[in-house]
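Structure at a glance
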Amino acid sequence: MHEVDMTRCLLQALEDWRDQHSIQPCVEQVHLLVGEFTCVEPSQLRLSFAAAVQDTWLAGARLSIVSVPLVGECLACGNSYRPDPACGYASPCCGHPLETILSGRELKIQRIDYSRSRICGPPAPANPCGPPTPSSPAPSPCICPSATP
Amino acid sequence: MHMSVSDTMNINLLAVNDQQARHNRSHFDAWGLFCINVMSSPGAGKTILLEHTLRALHGAHAMAVLEGDMTTQLDAQRLAGLGVPVVPITTGRACHLDAAMVSTGLQLLRQQCDPASLDLLWVENVGNLVCPAEFAVGEHCKLALLSVTEGDDKPLKYPVMFREADCVLITKVDLLPHVPADLGRIGRHVRQINPHCGVFPVSALTGAGLGDWLAWLAQRLRANGRQRHPPRRASGLKPPSPTAT
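These figures come from a predicted structure and were not determined experimentally.

Quick look at the environment of Asn 17 of chain B
By secondary structure assignment, the location of Asn 17 of chain B is in helix α1 (residues 15-31). On the neighbour-count criterion, Asn 17 of chain B (22 C-beta atoms within 10 Å) is buried. Put simply, Asn 17 of chain B and Phe 135 of chain B are 118 residues apart on the chain and 7.1 Å apart in space, counted from C-alpha to C-alpha. Those residues in contact with Asn 17 of chain B that lie beyond four places of it in its chain are Cys 9 of chain A together with Asp 98, Ala 99, Phe 135 and Ala 136 of chain B.

Written out as structure tokens, the structure reads:
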């Protein structure tokens, strides 16, 4: 269930993005690109995201996940191909191993759709777009030589 | 009436972890420390491999271990007897180490020794063939283990792990007479996904193949300018066995 930890990384990135705005933006949709050749199960990520944003500044935000197919390049003949895991990963044309991956390793936050004026985040508090809810993990202690252990 | 706008991000989903991993890496480089992330399914033999590797490299390298486990410090206790600093990292519910956990481990390591006095750091990840493949910790090198009892098809079933690995050790080859494993087939499956990684069959129990693994490691360290002393051959090792291809 590493999608929970990936969701935490996603929320932290969204908070960093939010903190660049003077007025808290109301996020409507977050667009992700998720490659087929990753360890991410989109349905698990959606479930985890939906649970994590409840009662936070991101409540109501939707997650859009576009799956990116695995495409390899056969270095023997230069053709691109889509490996079928059931048949293996070598190129079907020349039997060359999967050396160059053209797509399929993406794990990307592509775009954020948001509103600057709409009230967001049910249940509506007195100040619906007030200070952000501290939901991010505690910062990791610094290992810089100057830091106190 | 409200108007929606869009911000194009195009950042990695794991950007937060990647940033911490780069931070860890910058410290490793400043300390002159080569970091190896050891990954496998549970029970593939990470800890016993580390036991033998630490013994073999004793005196040639100044080493430490960050030992990840979901629960217990049993593996850390095993390795602590080998005379190297060992920091247990108990992950709780998490099925992998991430860069922040390793950063915390490094801070604890600093309480035991000066990291700048080391040149080799082993990170034993949580036993799992899925999650650790996606979470960088700042390592210079990824080592994946696959035991002969797990099935020849595992590289195809967990391709990301074996694609990410710089070296794959096929472990427990002393069990080959008793299990229907085919070393050549396992090697072909790995190379189908990752044609350039090192693939070595080993047995920590008999010592078979460990010389090949240590030679690969020594070469890798030389390439990274981390070789302090000539590598010492592991005591009691059998002659190197052929590399699986």
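A closer look at the nonpolar core
Membership of the largest hydrophobic core comes to 101 residues, with the highest contact counts inside it found for Leu 121 and Val 123 of chain B. With residues near it in sequence (within four places) discarded, Leu 121 of chain B still touches Phe 28, Leu 33, Cys 35, Ala 64 and Leu 66 of chain B.

Describing the packing of α1 of chain B against helix α4 (residues 99-112) of chain B
How two helices sit against one another is set out by the angle between their axes and by the gap between those axes. Residue and element names in this part refer to chain B. The geometry of α1 relative to α4 is characterised by a closest axis approach of 8 Å and an angle of 30 degrees between their N-to-C directions. Judged by the sense of rotation from one axis to the other, the crossing of α1 with α4 is left-handed. Mapping the contact onto sequence places Asn 17, Gln 20, Ala 21, Asn 24 and His 27 in α1 and Ala 99, Ala 100, Val 102, Ser 103 and Leu 106 in α4. Class assignment for the residues of the contact of α1 with α4 results in 5 nonpolar, 5 polar and no charged.

Describing the pairing of strand β6 (residues 107-115) of chain A
In regular strands, side chains alternate between the two faces of the sheet. Where strand β1 (residues 26-35) of chain A and β6 of chain A come together, 8 bridges link them in antiparallel fashion. Residue pairing across strands places Val 30 of chain A opposite Ile 112 of chain A, the latter belonging to β6 of chain A. With 7 bridges joining them, β6 of chain A and strand β1 (residues 4-12) of chain B adopt antiparallel strand pairing. The partner of Ser 115 of chain A across the bridge, within β1 of chain B, is Ser 4 of chain B.

Cut-offs used in this document
- Residues numbered from 1 in each chain as written.
- Chains lettered and ligands numbered in written order.
- Predicted model: local features only at pLDDT ≥ 70, side-chain atom pairs only at ≥ 80, totals over all residues.
- Helix = DSSP H or I, 4+ residues; strand = E, 2+ residues; numbered from the N terminus.
- Buried ≥ 20, exposed ≤ 12 C-beta atoms within 10 Å, placed from the backbone.
- Contact = placed C-beta atoms within 7 Å.
- Core = buried A, V, L, I, M, F, W, Y, C linked by C-beta atoms within 7 Å.
- Axes fitted to C-alpha atoms, helices over the stretch in contact; angles between N-to-C directions.
- Left-handed = near helix turned anticlockwise from the far one by under 90°.
- Nonpolar A, V, L, I, M, F, W, Y, C, P; charged D, E, K, R; others polar.
- Pairing = 2+ DSSP bridges.

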